[in-house]
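Below are the chains, spelled out letter by letter.
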Amino acid sequence: MLEHHFTCPYCWETISMLLDNSISNQSYIEDCEVCCNPIQVSLQFANSELSSFQAHSIEQ
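Asker: Can you break down the overall build of the chain residue by residue, with the values?
Answerer: From N to C terminus, the chain includes 0 helices and 5 strands. Seen in sequence order, the chain has helices and strands lined up from the N terminus as β-β-β-β-β. When its C-alpha atoms are laid out on the principal axes, the chain stretches across 35 × 20 × 15 Å. For the chain, with 60 residues in total, the buried portion stands at 23%. Counting only contacts in the chain whose residues sit at least 6 apart along the sequence, the fraction spanning at least 24 positions is 28%. For the chain, the computed accessible surface area is about 4,000 Å², with 45% contributed by carbon and sulfur atoms.

The structure is reproduced here in structure tokens:
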């Protein structure tokens, strides 16, 4: 597991997320730990290292 810090696209707070580096391509929705809004998270690992990370708001 890898801890990754990023900015919430809703409240602009820095939050952290634990990422599972055993799966190379991932896409899922997780709520912000500060404002509770849903965030679309997409990430990729190459050789167990984070190569791409995107966090976007979900249009409601």
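There is more to say, and it comes next.
Asker: Explain unusual backbone geometry to me, using residue names and the numbers behind them.
Answerer: Backbone geometry at Trp 12 places phi at a positive 65 degrees, although glycine is not the residue there. For Trp 12, a relative accessible area of 63% puts it in the exposed group.

Asker: I'd love a proper account of the sheet that holds strand S3 (residues 25-31), names of residues and values included.
Answerer: Judged by pairing direction, the sheet is antiparallel, and its 3 strands sit side by side in the order S3-S4-S5 without closing on themselves. Taken across any chain shown, the strands that pair with only one partner, and hence form the sheet edges, are S3 and strand S5 (49-57). Taking the axes of each pair of neighbouring strands and ignoring which way they run, one obtains an average angle of 20 degrees across the sheet. Pairing geometry for strand S4 (residues 38-46) and S5, over 8 bridges, is antiparallel.

Cut-off values and rules
- Residues numbered from 1 in each chain as written.
- Predicted model: local features only at pLDDT ≥ 70, side-chain atom pairs only at ≥ 80, totals over all residues.
- Heavy atoms only, no water.
- Helix = DSSP H or I, 4+ residues; strand = E, 2+ residues; numbered from the N terminus.
- Buried < 20%, exposed > 50% of the residue type's maximum accessible area, 1.4 Å probe, protein only.
- Contact = heavy atoms within 4.5 Å.
- Areas by Shrake-Rupley, 256 points an atom, 1.4 Å probe, with all protein chains shown as cover.
- Pairing = 2+ DSSP bridges.
- Axes fitted to C-alpha atoms, helices over the stretch in contact; angles between N-to-C directions.

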